[in-house]
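Residue-level listing of the chains:
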Amino acid sequence: MATTKKQAFRIPFIGYDHGKDFNWDFDVLFGQYGNPIIGIKIKNIVEQYSADPDSYLNFHTVLNQVVSIIGEGRIVQKLDIFSKKRYTAEQSNQFLQQKYSEHFDGRLFKTIETVLFFTDIIDDKLKKKNKHYNFSEKSYKELRDKCQKVFMLLKQSDCEPQFLFKKDLEYYISGVLSMQFSESPTFDNIKSTNEFLHIGNRFVKNISYVDVENIDLPSEIEPYSILGGNGAAAETAVDNFSFINELEDYETIVYNQIITIPLQAQQQRELDKKKKKHEGAANNSPSNAIIADEIQTLLHNIAIDGQLVVNAHFSILFSAQTLEKMENIQSMIENKLFTKGIIVSKNAYNQLELWRSAIPGNGTELREYDLFMTTSEAALCFFF
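Residues numbered from 1 in each chain as written. Predicted model: local features only at pLDDT ≥ 70, side-chain atom pairs only at ≥ 80, totals over all residues. Heavy atoms only, no water.

Visitor: What's the story with the pattern of salt bridges in this structure? I'm lost.
Guide: One side chain can pair with another of opposite charge once the charged atoms of both are near each other. As enumerated under the stated definition, the model contains 15 salt bridges in all. Across the salt bridge formed by Asp80 and Lys78, the nearest N and O atoms sit 2.7 Å from each other. Here Lys78 falls in the buried class, since its relative accessible area comes to 0%. Salt bridges linked by common partners bring Arg74, Asp120, Lys138 and Glu142 together as one network. (Salt bridge = Lys/Arg side-chain N within 4 Å of Asp/Glu carboxyl O. Buried < 20%, exposed > 50% of the residue type's maximum accessible area, 1.4 Å probe, protein only.)

Pasting the structure below:
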């Protein structure tokens, strides 16, 4: 019988810079490679049933501006956390209001929280050797200044941003580590298999959208979808991933959206080189001609619209109380994504690694094989 290997779980962070010591409006968390991480909590300005296409386009534009401000050499991670909490009746002086609140006391209700994290890209070669990257005070100051600009932009756009401090960062980190967002989380042993994780008595699964070896994504995507059907609501605008709100039987869902923005000039040179290589082999197989054509379209969009080339990763992490419930949620998510033209990765055997990358600010741990290249505007259409 195979013995289970036991390893101590390493938290991927090494410490904090406390804002109060430097007169900053936020605390800075440091990742395991010495990279600074700054977090901002925001309110998603698009209401769930607003059915307003303009508000989806507006939010998409705001996120695109955030990515442009943060600039190359950085990572933007957005986490949407769906959890269930118990309602406690609010005290009221009015008898009817008090009784009304008590009627709902103890009932479960769903909450959604949205947090953004910004940090530096770590070269993939350093991750294998677990080395620290070249930290520079200049780059650190730039990141802090850019986060201040992002904060101002989000404030103007009514996103109600709040910088995260140590206690907030620890709340979100411990929430993902225990897959239970509460004021006093309980940590348990983690058993990792190829299919799922077992954290205490919870079953945790990570569904990665894209298999880099075989990318099955729609060729065109909008910032929102149309509800469809035959009724009067057929033309209603809804979020591309509004089905996450409809899921039941889960305890916690974390939708992990990561965009890494590489150095643009270098990336464009590599794309140009790749295009020439495929053009040279176009006579041998038609697929090379198609690839060369697609790279040409991408370079054209970059030159005309000033879009950024980014590497993106999207995955849905969820926990359930039983294996059966976990499998039901998994098939529902896969079916819904299939209707959007997304065929999920069947090679997501690195469940522990994918789960670790969903820890707030730990997007740096993602390896090259879990990222796919696209433009910033297209990648942001996958944001919730």
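Visitor: Got a minute to help me understand the nonpolar core in this structure?
Guide: In this structure, Phe118, Tyr209, Phe241 and Tyr255 are the most contacted members of the largest nonpolar core, which totals 63 residues. Once residues lying within four places of it in the same chain are set aside, the contact partners of Tyr255 are Lys78, Leu79, Asp80, Phe82, Tyr209, Phe241, Ile244, Phe314, Ser315, Ile316, Phe382 and Phe384. (Core = buried A, V, L, I, M, F, W, Y, C linked by side-chain atoms within 4.5 Å. Contact = heavy atoms within 4.5 Å.)

Visitor: What's the story with helix H5 (residues 137-156) in this structure? I'm lost.
Guide: Spacing of three or four residues puts side chains on the same side of an α-helix, whose turn is 3.6 residues. In a regular helix each residue adds 1.5 Å, so 20 residues correspond to 28 Å; H5 covers 29 Å between its end C-alpha atoms and thus fits that length. One or two residues past the end of H5 sits Asp158, with phi positive at roughly 60 degrees. (Helix = DSSP H or I, 4+ residues; strand = E, 2+ residues; numbered from the N terminus. Expected span 1.5 Å × (residues − 1).)

Visitor: How should the packing of helix H8 (residues 264-280) against helix H9 (residues 286-305) be read in this particular structure?
Guide: Helices that pack against each other are described as a pair by the angle of their axes relative to one another and the distance between those axes. Packing of H8 against H9 brings their axes to within 8 Å, and their N-to-C directions diverge by 150 degrees. By the angle between their axes, H8 is roughly antiparallel relative to H9. By crossing handedness, the relation of H8 to H9 is classed as left-handed. Contacts between H8 and H9 involve Gln268, Leu271, Asp272, Lys274, Lys275, His278 and Glu279 on the former and, on the latter, Asn288, Ile291, Ala292, Ile295, Gln296, Leu298, Leu299 and Ile302. Grouping the amino acids of the contact of H8 with H9 by side-chain chemistry returns seven nonpolar, four polar and four charged. (Axes fitted to C-alpha atoms, helices over the stretch in contact; angles between N-to-C directions. Parallel < 35°, antiparallel > 145°, perpendicular 65-115°, else oblique. Left-handed = near helix turned anticlockwise from the far one by under 90°. Nonpolar A, V, L, I, M, F, W, Y, C, P; charged D, E, K, R; others polar.)

Visitor: Please clarify how the packing of aromatic side chains should be interpreted in this entry.
Guide: How two aromatic rings sit relative to each other is given by the distance of their centres and the angle of their planes. Per the counting criterion, the structure on display carries 21 aromatic pairs. Both rings, one in Tyr171 and one in Phe181, keep their centres 5.9 Å apart while their planes meet at 65 degrees; by these two values the pair is edge-to-face. Highlighted residues: Tyr171 in helix H6 (residues 166-178) and Phe181 in the loop between H6 and strand E7 (190-192), separated in sequence by 10 residues. Here the two residues Tyr171 and Phe181 agree in accessibility, since each one is buried. Seen from their ring centres, Phe241 and Phe382 are 6.2 Å apart, and the 25 degrees between their planes marks the pair as stacked. In this pair, Phe241 is assigned in the loop between strand E11 (237-238) and helix H7 (243-246) and Phe382 in the segment after helix H12 (376-380), connecting sequence segments 141 residues apart. Exposure class is identical for Phe241 and Phe382. Each is buried. Counting every residue linked through ring pairs, the aromatic cluster contains Tyr209, Phe241, Phe243, Tyr255, Phe314, Phe372, Phe382 and Phe383. The ring centre of Tyr250 lies 4.5 Å from the NZ or CZ of Lys84, which sits over that ring. (Phe/Tyr/Trp six-rings, centres within 6.5 Å; stacked < 30°, edge-to-face > 60°. Lys NZ or Arg CZ within 6 Å of the ring centre and 35° of its normal.)

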